[in-house]
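# Examining the three-dimensional arrangement
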Amino acid sequence: MESPTGIPEGTTFPPDLERLGIAPGAKIDIRDLDMMGNRHNFHVFLYFEEDLARSSTLREDLQEYSDVPDLERPFISLDEFLRFATESDPLFTRRLDELPLVVEVVAYGELRTQEGKPVPYVKGVMPFLDELPMEDTVGVS
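## A closer look at the overall build of the protein
Of regular secondary structure, the protein possesses 6 helices and 5 strands. Along the chain direction, N to C, the helices and strands of the protein fall in the order α-β-α-β-α-α-β-α-α-β-β. When the 141 residues of the protein are sorted by exposure, 40% land in the buried category. Put simply, 64% of the contacts in the protein that link residues at least 6 apart link residues at least 24 apart. Accessible area of the protein: about 8900 Å², with a carbon and sulfur share of 50%.

## Brief notes about the pairing of strand β2 (residues 43–47)
By the criterion of burial, β2 is predominantly enclosed, with 4 of the 5 residues buried. For β2 and strand β5 (residues 118–125), the ladder comprises 5 bridges, and the chain directions are parallel. Note on β5: the bridge partner recorded for L46 is G124. Bridge analysis of β2 against strand β3 (residues 75–77) gives 3 bridges, and the strand direction is antiparallel.

## Quick look at the pairing of strand β4 (residues 102–112)
β4 sits mainly inside the fold: 9 of its 11 residues count as buried. With 3 bridges connecting them, strand β1 (residues 27–29) and β4 associate as antiparallel partners. Looking at β4, one finds that K27 is bridged to E104. The turn joining β4 and β5, which pair antiparallel and follow one another in sequence, is formed by 5 residues; a positive phi near 90° is taken by G116.

## Topic: the pattern of salt bridges
Inspection of every chain in the model, using the stated rule, returns 7 salt bridges. With a shortest N-O distance of 2.8 Å, K123 and E9 are connected by a salt bridge. Here the residue K123 occupies a position in strand β5, and E9 occupies one in the segment before α1 (15–19), the gap between them amounting to 114 residues. Take K123: its relative accessible area is 0%, and that puts it in the buried class. Measuring nitrogen to oxygen at the nearest pair gives 2.9 Å for the salt bridge that ties R54 to E104. Remark: E104 occurs in strand β4 and R54 occurs in helix α3 (residues 50–55); sequence separation between them is 50 residues. Connected through shared salt-bridge partners, D29, R31 and D97 make up one network.

How each quantity is defined
Residues numbered from 1 in each chain as written. Predicted model: local features only at pLDDT ≥ 70, side-chain atom pairs only at ≥ 80, totals over all residues. Heavy atoms only, no water. Helix = DSSP H or I, 4+ residues; strand = E, 2+ residues; numbered from the N terminus. Buried < 20%, exposed > 50% of the residue type's maximum accessible area, 1.4 Å probe, protein only. Contact = heavy atoms within 4.5 Å. Areas by Shrake-Rupley, 256 points an atom, 1.4 Å probe, with all protein chains shown as cover. Pairing = 2+ DSSP bridges. Salt bridge = Lys/Arg side-chain N within 4 Å of Asp/Glu carboxyl O.

Here is the structure:
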């Protein structure tokens, strides 16, 4: 499971990310993860399938799903997810105050850009809908 940079994708995280609380199994609000990624220069990829997130590398998944449109893959970059969500629902960020999306951190790795520059990334698993805390609602008759 090595990335093109020679740094294996896995559960060993750089100390500077671990100091931020980004480590295997950490559960982090999607907004905080976005802010940390922007501030500390790493990309975040969100997986919708836990088994895939844990059993493959991002590099393998990018190759396997290269012919699939981004929004139809079982994973997406956090930037694309937030852009799509806010375009689909202008109140999305406000809704996150009421129902936060907490991502479980799974792995860390690096890819290379076309220019050869290493790009660090973090993989996270999105919660399933049945795991989100929901208020009991009374149906309207």
